[in-house]
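The chain contents come next:
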Amino acid sequence: MHAHKSQSDAFFSPALFRFLTELAVHNDRTWFQANRERFETEVREPMQAFIAAFAEPLRALSPHFLADPRPSGGSMFRIFRDMRFSKDKSPYKLNVGAQFRHREGSKDVHGPSFYLHLEPGGCFMGAGLWHPGPPSLRQVRTHMVGHPREWKALRSQGIQVTGEALKRVPQGFDPTHPLADDLKLKDFYTCTPLTEQQACAPGFLEHYTEACQRDAPLMRFLSQALELPY
């Protein structure tokens, strides 16, 4: 692991994106094993260092979310693809991601969380709920109907909530409700694009933390909807 870094340091370097670009060309075990040391030093260790450094700013946002730098079972996603149900048998993902989950929420990817995604030409950060199960979905929609002013307030702060949506308002909800469009949503998350230059710049941790702060009202709303502390 790298020595402890300060918030203003650069965590990621162009080498991370070079590695992922080359992996896209050579997505096979032989190449990966031959370049495993590069993966460790250019991709995994920088992300672990970032996760460890984000623990403190995250605690200030909410003590109920976790930044866990462990290489397995922590905040960082594995580079190995789950190929069981996929026609595409390439073994590795072409991005590196970290998900900062709610401590008491869902233990999988479907609970409220902050997210960082690094991919050549496709970096972004996000916050919210991705593909929640039907009970969670119902809780969020019910909370929205019960607290329309809170939902409108976070919308009016410029928080762009996005995701897949149904064609019509789901059963059990008023199709003429003023929040009808948002009640159709099947995900509730934000997506803030990042450039590779931003990700590699000193001060990126502060930049990421500010984006998470902007999205905090959404995270608070979703946590409350799911009866989780924020």
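As a reminder, the structure under discussion sits directly above these lines.
Scope of this entry: the structure provided in the associated data block. (Residues numbered from 1 in each chain as written. Predicted model: local features only at pLDDT ≥ 70, side-chain atom pairs only at ≥ 80, totals over all residues. Heavy atoms only, no water.)

1. Regarding the overall build of the protein chain
Looking only at helices and strands, the protein chain features eight helices and four strands. In sequence order, the protein chain lays out its α and β elements as α-α-α-β-β-β-α-α-α-β-α-α. Here the protein chain has a C-alpha radius of gyration of 19 Å; the compact-globule value for 230 residues is 17 Å, and the two agree. Considered along the principal axes of its C-alpha atoms, the protein chain spans approximately 60 × 45 × 30 Å. Counting over 230 residues, the protein chain shows a buried share of 44%. Taking the intrachain contacts of the protein chain between residues at least 6 apart in sequence as the baseline, contacts between residues at least 24 apart amount to 65%. (Helix = DSSP H or I, 4+ residues; strand = E, 2+ residues; numbered from the N terminus. Rg over C-alpha atoms; globule rule 2.2 N^0.38 Å. Buried < 20%, exposed > 50% of the residue type's maximum accessible area, 1.4 Å probe, protein only. Contact = heavy atoms within 4.5 Å.)

2. What about unusual backbone geometry?
Of note in the backbone geometry, H131 takes a positive phi value of approximately 50° without being a glycine. Along the polypeptide, H131 turns up in the loop between β3 (123-129) and α4 (134-146). A relative accessible area of 31% means that H131 is categorised as partly exposed. Positive phi outside glycine occurs at E227, with the angle close to 60°. Relative to the helices and strands, E227 is located in the segment after α8 (204-225). Its relative accessible area of 69% is what places E227 among the exposed residues.

3. Observations concerning the pairing of strand β2 (residues 113-118)
Burial of β2 is extensive: five of the six residues sit out of reach of the surface. Where β2 hands over to β3, the hairpin turn is made up of four residues, of which G121 adopts a positive phi near 75°. (Pairing = 2+ DSSP bridges.)

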